[in-house]
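Results of the structural survey
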Amino acid sequence: MKILTVIGARPQFIKAASFSHALKSNDMVEEVIVHTGQHYDQNMSKIFFDQLNIPHPTYRLDSGGKSHAAMTAYQLCEIEKILLLELPHFVILYGDTNSTLSGALSASKLNIPIVHIEAGLRSFNNNMPEEINRIVTDRLSKILFCPSQKAKNNLIKEGFENFDSEIYVVGDIMLDTIKLFTDNIKLVPPEKTPYIICTIHRQENTNKIERLKEIIEGINKIADSIKIIFPIHPRTLKIIDDFKIVLNNNIIVKDPMSYIEFINHIKHSEIVITDSGGIQKESFFMKKNCLVLREETEWEELVDLNYNRLCGFNKDKILKAFKERKNLRSNFNSLLYGEGNTSNQIIEILYNKFCD
Ligand code: UD1
């Protein structure tokens with residue numbers, strides 16, 4: 001059985017790591033990896049391949065730094081050529097990035113079945129490029145692997161049971177990766193004093209300068225009482241520099257971190273503040289509450305169960321959420337996203353389907 005995996009952005013490397021690892025013990029499956037180059041800096045790409053032992057991509061494209069349309073169009077043409085050469089039994093796609101979308105469009109036009117891992121998520125906000133990417137990818141996919149029952153319910157509400165696709169709830173593959181790479185190592189506190197770990201990268205937050213300033217004002221106020229570690233996405237750094245946005249001296253700006261370094265920072269933090277999707281769940285897996293710098297989330301169950309709080313981009317709301325952090329739930333025993341054996345479940349289902 002030959003599969004072709006398309007990845008290109010940081011969270012996809014993290015998801016692909018455990019899947020590729022699980023495939024290694026299965027010599028009936030050949031995996032061809034296409035890296036679209038959407039993320040290309042050393043700390044946004046190579047560091048993950050090295051640390052998480054992801055096999056070298058067979059194909060490496062150069063789509064980084066382009067507009068949405070230019071990036072998607074370039075990837076679409078290049079992935080089509082590769083698919084015609086490799087003729088895989090199916091294509092594996094993760095999440096909701098532009099690389100996911102172009103993988104879905106190229107494969108579907110060639111009638112190659114698509115397997116979508118992390119299917120069924122919805123923020124119901126079409127202003128997010130990711131929402132468009134995930135809706136289109138789900139609709140074009142043959143097999144949809146959902147991380148939660150809620151994700152499956154979203155698909156059913158959209159009529160997917162009437163489509164020619166199959167839906168499985170298999171838990172969250174990011175939990176596999178956390179267990180695989182951090183269960184058996186000693187994670188030593190990275191800082192001597194209490195701190196918050198914070199990330200901001202989402203285009204809705206960074207590209208509207210007034211919104212970014214408001215968020216930073218909220219974070220600056222929190223930093224009056226506790227140190228904030230801020231590993232920064234290259235785009236956010238550029239905008240902060242270009243617009244000379246002033247950060248509190250108690251905010252420590254760092255380069256983007258490796259996977260294990262970042263998970264370690266979550267584990268020992270007071271609380272996590274982020275606009276990332278994946279980090280909302282990684283916080284939960286590491287038993288930390290998370291303040292979400294957005295007005296809606298595709299991980300609604302974490303908000304409904306009072307683990308995480310949405311605080312949008314209003315500085316007073318961000319500060320209030322921080323002051324009220326002790327009201328958040330501290331019992332993290334729930335198995336909301338499975339037990340960390342998602343990759344093996346997926347491989348078994350695919351194997352039974354394609355190798356009969
Ligand atoms: C992308 C995904 C987002 C995901 C995020 C994870 C889309 C639409 N968005 O957002 O869903 O949460 O990855 O990090 O696919 N840049 C660099 N170096 C890099 C990568 C990016 O300098 O290695 C800069 C470039 O100027 C680029 C900008 O950051 O134009 C934005 O990168 P892009 O890949 O378009 O989107 P992300 O915000 O990273």
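Residues numbered from 1 in each chain as written. Predicted model: local features only at pLDDT ≥ 70, side-chain atom pairs only at ≥ 80, totals over all residues. Heavy atoms only, no water.

1. Examining the packing of aromatic side chains
- One pass over the full model with this rule turns up 11 aromatic pairs.
- Seen from their ring centres, phenylalanine 284 and phenylalanine 285 are 5.9 Å apart, and the 55° between their planes marks the pair as tilted. With respect to class, phenylalanine 284 is no different from phenylalanine 285; both count as buried.
- Linked through ring pairs, Phe284, Phe285, Trp299, Tyr307, Phe332 and Tyr337 together constitute an aromatic cluster.
- A cation over a ring is seen here: arginine 139 above phenylalanine 163, with NZ or CZ 3.6 Å from the ring centre.
- It is arginine 325 that lies over the ring of phenylalanine 322; its NZ or CZ is 4.0 Å from the centre. (Phe/Tyr/Trp six-rings, centres within 6.5 Å; stacked < 30°, edge-to-face > 60°. Buried < 20%, exposed > 50% of the residue type's maximum accessible area, 1.4 Å probe, protein only. Lys NZ or Arg CZ within 6 Å of the ring centre and 35° of its normal.)

2. Thoughts on the pairing of strand β1 (residues 2-7)
- Counted residue by residue, β1 has six buried out of six residues, so it is predominantly covered.
- Burial along β1 is two-sided: the face carrying Lys2, Leu4 and Val6 and the face carrying Ile3, Thr5 and Ile7 are both buried.
- Pairing geometry for β1 and strand β2 (residues 30-35), over six bridges, is parallel. Of the residues in β2, the one forming a bridge with lysine 2 is glutamate 30.
- Running through helix α1 (residues 10-24), the crossover from β1 to the neighbouring parallel element β2 is right-handed.
- Inspection of the sheet shows β1 paired to strand β4 (residues 90-94) by four bridges, in the parallel sense. Each residue of the ladder has a partner; that of isoleucine 3, found in β4, is phenylalanine 90. (Helix = DSSP H or I, 4+ residues; strand = E, 2+ residues; numbered from the N terminus. Pairing = 2+ DSSP bridges. Right-handed = clockwise from strand over helix to strand, strands pointing away.)

3. Side note on the site of the ligand
- Around the ligand, the surrounding shell holds 21 residues, and the nearest of these are Gln38, His39, Glu130, His233 and Arg235.
- A distance of 2.9 Å separates an oxygen atom of the ligand from a polar atom in the backbone of aspartate 41.
- Here an oxygen atom of the ligand sits 3.0 Å away from a polar atom, N or O, in the side chain of histidine 201.
- Summarising the interface, the protein chains cover 86% of the accessible area of the ligand, which totals 740 Å² for the free molecule.
- When contributions to the shell around the ligand are tallied by element, the ones reaching two or more residues are α1, α3 (68-86), α5 (129-140) and α10 (234-242).
- Within the shell around the ligand, the residues separate by chemical class into seven nonpolar, eight polar and six charged.
- Summarising the domain contributions, the shell around the ligand has at least three residues from each of domain 1 (2-172 + 338-355) and domain 2 (195-325). (Near = heavy atom within 4 Å. Polar contact = N/O pair within 3.5 Å; in protein donor to acceptor, adjacent residues only side chain to side chain. Areas by Shrake-Rupley, 256 points an atom, 1.4 Å probe, with all protein chains shown as cover. Nonpolar A, V, L, I, M, F, W, Y, C, P; charged D, E, K, R; others polar. Domains from an automatic or database assignment.)

4. A closer look at the domain arrangement of the protein chain
- When cut into domains, the protein chain gives domain 1 (2-172 + 338-355) and domain 2 (195-325).
- The gap between the C-alpha centroids of domain 1 and domain 2 is 26 Å.
- Taken together, the contact pairs 24 residues of domain 1 with 22 residues of domain 2.
- A combined buried area of about 1,900 Å² lies between domain 1 and domain 2, and 55% of that area is made up of carbon and sulfur atoms.
- Viewed at the interface, domain 2 and domain 1 are joined by six salt bridges.
- Our enumeration of links across domain 1 and domain 2 arrives at 11 residue pairs in polar contact (both at pLDDT 80 or more).
- At the level of secondary structure, the elements contributing two or more residues to the side of domain 1 that touches domain 2 comprise α1, α2 (46-51) and α5. (Contact = heavy atoms within 4.5 Å. Buried area = accessible area lost by both parts, 1.4 Å probe. Salt bridge = Lys/Arg side-chain N within 4 Å of Asp/Glu carboxyl O.)

5. What to know about the side chain of serine 165
- Note on placement: serine 165 falls in the loop between α6 (149-157) and β7 (166-169).
- Looking at serine 165, the relative accessible area reads 17%, which means it is buried.
- The contact partners of serine 165, leaving out residues within four places of it in the chain, are Ser141, Lys142, Leu144 and Phe160.

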